[in-house]
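A look at the structure
One-letter residues, chain by chain:
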Amino acid sequence: MATILVIDDERLLCDLLQEVLRRHGHEVFTAYSGREGVAAYRRQCPRFTLLDLHLPDMSGIEVLRQIRERDPKAAVMILTGAASDKLEREAREMGITDFLIKGLALDVLVGAVERAMNEPVSPTDARPVLPEGRLILVVDDEPQIRNLLTTFLTQKNYRVHAAHDGPSALALAEREKPDFIVLDINMPGMNGVEVLRRLQAKRYEGGVMMLTGSYDETLLKEALNLGSVDILGKPVDLERVALAIQVGLILNRRARGKAGARRAPAG
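Procedures and definitions
- Residues numbered from 1 in each chain as written.
- Predicted model: local features only at pLDDT ≥ 70, side-chain atom pairs only at ≥ 80, totals over all residues.
- Heavy atoms only, no water.
- Axes fitted to C-alpha atoms, helices over the stretch in contact; angles between N-to-C directions.
- Helix = DSSP H or I, 4+ residues; strand = E, 2+ residues; numbered from the N terminus.
- Parallel < 35°, antiparallel > 145°, perpendicular 65-115°, else oblique.
- Left-handed = near helix turned anticlockwise from the far one by under 90°.
- Contact = heavy atoms within 4.5 Å.
- Buried < 20%, exposed > 50% of the residue type's maximum accessible area, 1.4 Å probe, protein only.
- Pairing = 2+ DSSP bridges.
- Salt bridge = Lys/Arg side-chain N within 4 Å of Asp/Glu carboxyl O.
- Nonpolar A, V, L, I, M, F, W, Y, C, P; charged D, E, K, R; others polar.

**Re the packing of helix α2 (residues 34-44) against helix α3 (residues 60-70)**
Where α2 meets α3, the closest approach of the two axes is 10 Å, and the angle between their N-to-C directions is 15°. When the interaxial angle is binned, α2 and α3 end up roughly parallel. Of the two possible hands of crossing, α2 and α3 adopt the one that is right-handed. On α3, the residues that touch G34, V38, Y41 and R42 of α2 are V63, Q66, I67 and R70.

Below you can see the structure in the form of structure tokens.
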């Protein structure tokens, strides 16, 4: 087991990496800004650090520089959504372990981290949840949004069903048992929060994330209280939708595992 620090302002990505790396037996800490990251590094002295280049308060290069001042040989991997040749060259000159672009498959990322630490990959049952065979239900009264999400998630190797309103979504969810639901809040007749409330009444066990084109604080708060993994505004950021689904699937599998353990008879 290794101590790993993830420094990234995308909280969903931090949550996802924390869950996946913990499943591989590691102790994982997260920080959402450069200053938090430097403080966490000094406090935890991690064996390995995953560092975003673009942070809200300081650049990842500056964070790396401060880490190097404390430990010139610290193992640091840069993880970024976009980087210039200049930044990559500067990071490599400071002795980073690797330089990876966000969007890599989770198994590729975890493999890169574990190879860098010279540790064996964990058994099959600890691997991250992968898309193949997972059923996603997309619920939105806007045909363009439904079609966009259906096409995108299908390309990500999910099986996808779509519904245009709340009653259709409830009927599909009861019949098909989706692993995850992408649900519009603002729909005519029955809004997404009411759909989510009825899903919970029917003991739906999958994850749910909400989409919204308008910000009604009451509805947003109720959606979060009912267990929505995330709430995204429209127009949708497709990669963030994919990230929220990955997080939801992993958290849901973890919750089911704990529930199963509680129900198991004493041996």
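**Details of unusual backbone geometry**
Residue P235 is bonded to the preceding K234 through a cis peptide linkage, with omega at 0°. Here P235 is to be found in the loop between β10 (231-233) and α10 (238-263). If you check the backbone angles, C45 has positive phi at about 45° while not being a glycine. Within the element layout of this structure, C45 appears in the loop between α2 and β3 (48-51). Phi at N157 takes a positive value of approximately 75°, unusual for a residue other than glycine. Given the relative accessible area of 43%, N157 is considered partly exposed.

**Points about the environment of R197**
In this structure, R197 sits in helix α8 (residues 192-201). Taking the relative accessible area as the measure of exposure, R197 reaches 32% and is therefore partly exposed. For R197, the residues in contact, after removing those within four places along its chain, are E222 and L226.

**Comments concerning the sheet that holds strand β1 (residues 3-7)**
Strands sit in the order β2-β1-β3-β4-β5 across an open sheet of five strands; the sheet is parallel. Both edges of this open sheet fall to β2 (27-31) and β5 (98-101), since each of them pairs with a single strand only. Along the sheet, successive strands turn relative to each other by an average axial angle of 20°, direction set aside. This element, α2, spans β1, β2 and β3 of the sheet and lies at about 170° to β1.

**Here's the deal with the pattern of salt bridges**
Applying the stated criterion across every chain, the model contains 14 salt bridges. We note a salt bridge from R134 to D179, for which the minimum N-O separation is 3.8 Å. Of this pair, R134 sits in the loop between α5 (106-116) and β6 (135-139) while D179 sits in the loop between α7 (166-176) and β8 (180-184), and the two are 45 residues apart along the sequence. In this structure, E142 engages K234 in a salt bridge whose closest nitrogen and oxygen atoms are separated by 2.9 Å. A residue pair is termed long-range when its members are at least 10 positions apart, and E142 in the loop between β6 and α6 (143-155) and K234 in the loop between β10 and α10 qualify at 92 residues. Using a relative accessible area of 22% as the deciding quantity, one classes K234 as partly exposed.

**What to know about the environment of L226**
Considering the arrangement of structural elements, one finds L226 in the loop between α9 (217-225) and β10. It is 8.1 Å that separates the C-alpha atoms of L226 and Q200, two residues lying 26 residues apart in sequence. Those residues in contact with L226, other than ones at most four positions away along the chain, are V193, L196, R197 and Q200.

**Some points on the packing of α3 against helix α4 (residues 85-93)**
Packing of α3 against α4 brings their axes to within 11 Å, and their N-to-C directions diverge by 5°. Taken together, the axes of α3 and α4 lie roughly parallel to each other. For the pair α3 and α4, contact is made by I61, L64 and R65 and by L87, E90 and A91, respectively. The class makeup of the residues in the contact of α3 with α4 is four nonpolar, no polar and two charged.

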